[in-house]
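Residues per chain are reported as follows:
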Amino acid sequence: MKLTERVRGTVPKVKVAYRPHICMHCDEAPCIAVCRIEGALYKRDDGLVIINPEKCTGCKNCVDACPFKTIYFNEDLNIAQKCTGCAHLLDQGWKEPRCVDACPTLAIKFMDESNAKDLISKAEVWSPELKSDLTPRVYYLNLPKKFIAGTVYDPIEKEVVIEAKCTLQCNGTTYTTKTDNYGDFWFEGLNDGKYDMEITKGPVSRLFKDLDTTEADINLGDIPLTCPP
Ligand code: SF4
Ligand code: SF4
């Protein structure tokens, strides 16, 4: 398992997201479809997708075919390798893989899907856009969404603006918040899309159109708003 780190936003409105990145043990797995060696890459009855190191010839077809890029090529052994779901341990009677056993915060669960329907109903797969072609069997809870943030200040008073009303709109849905004691506002948990935002304090306001969160979180930086005395 590898952890990928993604820096979200820009200084000083920054968050860092970490995501575990492993083989998704897909149904209709494209890695299996491209392997031409009988028995080198296959799905077990329990759902785990396995590369047999004794049969793999090192052609790398599967490395290129995996849309999640979870297969590594071992140059020394000339074989493809990836998460095995600790199939060898499960075969010895272990109830879960090593990562599940070792995680001190119990962040990883290994379950039969029929016993995990409640969790799965709240979860999502990593790249839902891939789901029409294959079915990943790893599910994520609490994947980070996007945020829009900024700081409102009065350039005449040289002070932050507290309790300015911030209104965000996208496709008929409205979100509101107020700037805090530091003039900061955060809209978190946003889906990808285009948002219009208005910041109002008394009779003055600022309007931002088409803030697009599709590619990244948005830090609007320091926003001047001159308030009447
Ligand atoms: S995540 Fe990649 S390597 Fe794992 S089963 Fe799916 S296609 Fe194959
Ligand atoms: S690298 Fe090995 S497992 Fe991958 S497609 Fe080639 S023979 Fe099959």
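Being a predicted model, the structure only gives us computed values, none of them experimental.

Scoring rules and cut-offs
- Residues numbered from 1 in each chain as written.
- Chains lettered and ligands numbered in written order.
- Predicted model: local features only at pLDDT ≥ 70, side-chain atom pairs only at ≥ 80, totals over all residues.
- Domains from an automatic or database assignment.
- Contact = placed C-beta atoms within 7 Å.
- Helix = DSSP H or I, 4+ residues; strand = E, 2+ residues; numbered from the N terminus.
- Nonpolar A, V, L, I, M, F, W, Y, C, P; charged D, E, K, R; others polar.
- Pairing = 2+ DSSP bridges.
- Axes fitted to C-alpha atoms, helices over the stretch in contact; angles between N-to-C directions.
- Near = placed C-beta within 6 Å.
- Core = buried A, V, L, I, M, F, W, Y, C linked by C-beta atoms within 7 Å.
- Buried ≥ 20, exposed ≤ 12 C-beta atoms within 10 Å, placed from the backbone.

Caption draft 1: Highlighting the domain arrangement of the protein chain. Domain boundaries in the protein chain define domain 1 (2-130) and domain 2 (146-224). A straight line from the C-alpha centre of domain 1 to that of domain 2 covers 39 Å. Listed per partner, the contact involves four residues of domain 1 and four residues of domain 2. When residues of the side of domain 1 that touches domain 2 are assigned to their parent elements, the largest contribution, three residues, is made by strand β1 (residues 2-10). Tallied by class, residues from the side of domain 1 that touches domain 2 come to no nonpolar, two polar and two charged.

Caption draft 2: Examining the sheet that holds strand β10 (residues 173-178) more closely. Strand order in this open sheet of four strands is β10-β9-β12-β13, and the pairing throughout is antiparallel. At either margin of the open sheet sits one strand with a lone partner, and together these are β10 and β13 (204-212). Within the sheet, the average angular offset between the axes of one strand and its neighbour, ignoring direction, is 15 degrees. Bridge analysis of strand β12 (residues 194-201) against β13 gives seven bridges, and the strand direction is antiparallel. Residue pairing for β13: T200 is matched across the bridge by S205.

Caption draft 3: Quick peek at the site of ligand 1. Lining the immediate environment of ligand 1, one finds 13 residues, of which C23, M24, C26, C31 and C66 sit closest. Residues belonging to the shell around ligand 1 are distributed by class as follows: 10 nonpolar, two polar and one charged.

Caption draft 4: Focus on the nonpolar core. Grouped together as the largest cluster of nonpolar side chains are 19 residues, with contacts concentrated most on C31, L41, V49, I51 and C62. It is strand β4 (residues 49-51) that contributes the most residues to this core, three residues altogether. Excluding its chain neighbours within four sequence positions, the residues that come into contact with C31 are L41, V49, C62, A65, C66 and I71. With 14 residues, the next largest nonpolar core counts V152, F187, Y195 and I199 among its residues.

Caption draft 5: Broad picture of the site of ligand 2. Taken together, 14 residues form the shell around ligand 2, and within it C35, C56, C59, C62 and A80 come nearest. Broken down by class, the residue content of the shell around ligand 2 amounts to 10 nonpolar, three polar and one charged.

Caption draft 6: Representation of unusual backbone geometry within the structure. Look at the link from V11 to P12: it is a cis peptide, with omega at 5 degrees. Checked against the element boundaries, P12 lands in the loop between β1 and β2 (13-21). Positioned with a positive phi, E163 is a non-glycine residue whose angle comes to about 65 degrees. If you trace the backbone, E163 turns up in the loop between β8 (159-160) and β9 (165-170). With phi around 50 degrees, N171 is a residue other than glycine that occupies positive phi space. Relative to the assigned elements, N171 resides in the loop between β9 and β10. Overall, the presence of 8 C-beta atoms within 10 Å leaves N171 in the exposed class.

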